[in-house]
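Observations on the model geometry
Spelled out from the first residue to the last, the chains are:
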Amino acid sequence: MVRPLKHPVAVLGSALAAVLVGGCGGPEGLRVEGGALEPSKVTGPVYVADAMGQPLQRPTGVGLTELVTVTGLSWRDWGGPTARATGKLSGEWCLPGCATKPYEATLTLSGLERQERVAYYRRATVEPKTPEELPAAAVNVQFQGIRLSVPEF
C-alpha cells in the first residue's frame, strides 16, 4: 500500500534546495568551451544614395549635395568599409568655369551601414587634386564629411 505524503510542499522545497545548493556546475563554476560565436556576415548589394535619396551602385556620377557633384567616376574600391574613385568635381559654386572644365578630385565613401539585405555608405569626402585652383566660392562649400542619406527599413 502506498502512503500519501503528509507534506508535499515540504518535499518539493527540499528537492529545490538540493538543486540550488548543488548547482549545475562544479566547484570551479561554469566553464565555457570553444571559440566565441561571430556574427554572420551580411551579403548583398552596396549602395550610395545621391542628394535625392536615389540608391546607386558604382555610379559614374553622383550629386552628393545640392552644391557638390562628382562625375566621370572611376572606382578603385567598392563594397568594403570605404570606396574610392577619381573623377571630376563641379557644382553651382564654380559655374560657369567648371561647366566646361571641372576639377580633378578623389571621392571617398565611408561609414558603411549594413541593413537587412543591403548596405549604404553614410559619409563622403571629396579631395580636389589641386585645391589651390578652386575659386574663392569653394570656401563656403563642404567637401569633408558630407552626410549621405540612408533609407530606413
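Above: the structure in question.
1. What to know about the overall build of the protein chain
Regarding its fold elements, the protein chain presents two helices and 10 strands. Written out in order from the N terminus, the α and β elements of the protein chain read α-β-β-β-β-β-α-β-β-β-β-β. Split into buried and exposed, the 153 residues of the protein chain put 28% on the buried side. Of the contacts made within the protein chain by residues no fewer than 6 positions apart, 45% connect residues no fewer than 24 positions apart. Counting every atom, the protein chain has about 10,900 Å² of accessible surface; 56% of that belongs to carbon and sulfur.

2. Re the sheet that holds strand 2 (residues 55-56)
The sheet built from four strands is open, its strands ordered 2-1-8-7 with mixed pairing. The two strands at the open ends of the sheet, each matched to only one other strand, are strand 2 and strand 7 (113-114). Bridge count for strand 1 (residues 46-49) against strand 2 is two bridges, and the pairing is antiparallel. Following the sheet pairing, A49 is matched in strand 2 by P55.

3. Structural notes on the state of the cysteines
Scanning all chains against the criterion turns up one disulfide. Across the disulfide, C94 is cross-linked to C98 (sulfur-sulfur distance 1.7 Å). Around the S-S axis, the bridge from C94 to C98 shows a dihedral of about 70 degrees and counts as right-handed. According to the relative accessible area criterion, C94 is buried, its value standing at 5%. Residue classification places C98 among the buried positions, given a relative accessible area of 1%.

4. Notes on the side chain of T108
By secondary structure assignment, the location of T108 is in strand 6 (residues 103-110). Look at T108 and you get buried, because its relative accessible area is 14%. Those residues within four positions of T108 in sequence are excluded, and the remaining contacts are T82, A83, R84, R123, A124 and T125.

5. Re the side chain of D50
With respect to the secondary-structure elements, D50 resides in the loop between strand 1 and strand 2. Buried D50, no salt bridge; nearest opposite-charge side chain is R122, N-O distance 15 Å. At a separation of 2.8 Å, a polar atom in the side chain of D50 contacts the main-chain amide nitrogen of Q54. Residues within four places of D50 in sequence aside, it is in contact with L56, V62, G63 and S149.

6. Concerning the environment of G63
Within the secondary structure layout, G63 lies in strand 3 (residues 62-63). Residues G63 and A49, 14 residues apart in the sequence, show an inter-C-alpha distance of 9.0 Å. Non-local contacts of G63, meaning those with residues more than four positions away in its chain, are made with D50, A51, V68 and T69.

7. Quick notes on the sheet that holds strand 6
Strand order in the open sheet formed by six strands is 3-4-5-6-9-10, with antiparallel pairing between adjacent strands. Looking at which strands have only one partner, the edges of the open sheet turn out to be strand 3 and strand 10 (146-147). Where strand 6 meets strand 9 (residues 123-128), six bridges bridge the pair, whose relative direction is antiparallel. Looking at strand 9, one finds that T106 is bridged to E127.

8. Looking at the environment of P59
With respect to the element layout, P59 can be found in the loop between strand 2 and strand 3. Measuring from C-alpha to C-alpha, the distance between P59 and A85 comes to 9.9 Å, with 26 residues separating the pair along the chain. Once residues lying within four places of it in the same chain are set aside, the contact partners of P59 are V48, L73, W75 and W78.

Rules of the game
- Residues numbered from 1 in each chain as written.
- Predicted model: local features only at pLDDT ≥ 70, side-chain atom pairs only at ≥ 80, totals over all residues.
- Heavy atoms only, no water.
- Helix = DSSP H or I, 4+ residues; strand = E, 2+ residues; numbered from the N terminus.
- Buried < 20%, exposed > 50% of the residue type's maximum accessible area, 1.4 Å probe, protein only.
- Contact = heavy atoms within 4.5 Å.
- Areas by Shrake-Rupley, 256 points an atom, 1.4 Å probe, with all protein chains shown as cover.
- Pairing = 2+ DSSP bridges.
- Disulfide = S-S within 2.5 Å.
- Lys, Arg positive; Asp, Glu negative; His and termini not counted.
- Salt bridge = Lys/Arg side-chain N within 4 Å of Asp/Glu carboxyl O.
- Polar contact = N/O pair within 3.5 Å; in protein donor to acceptor, adjacent residues only side chain to side chain.

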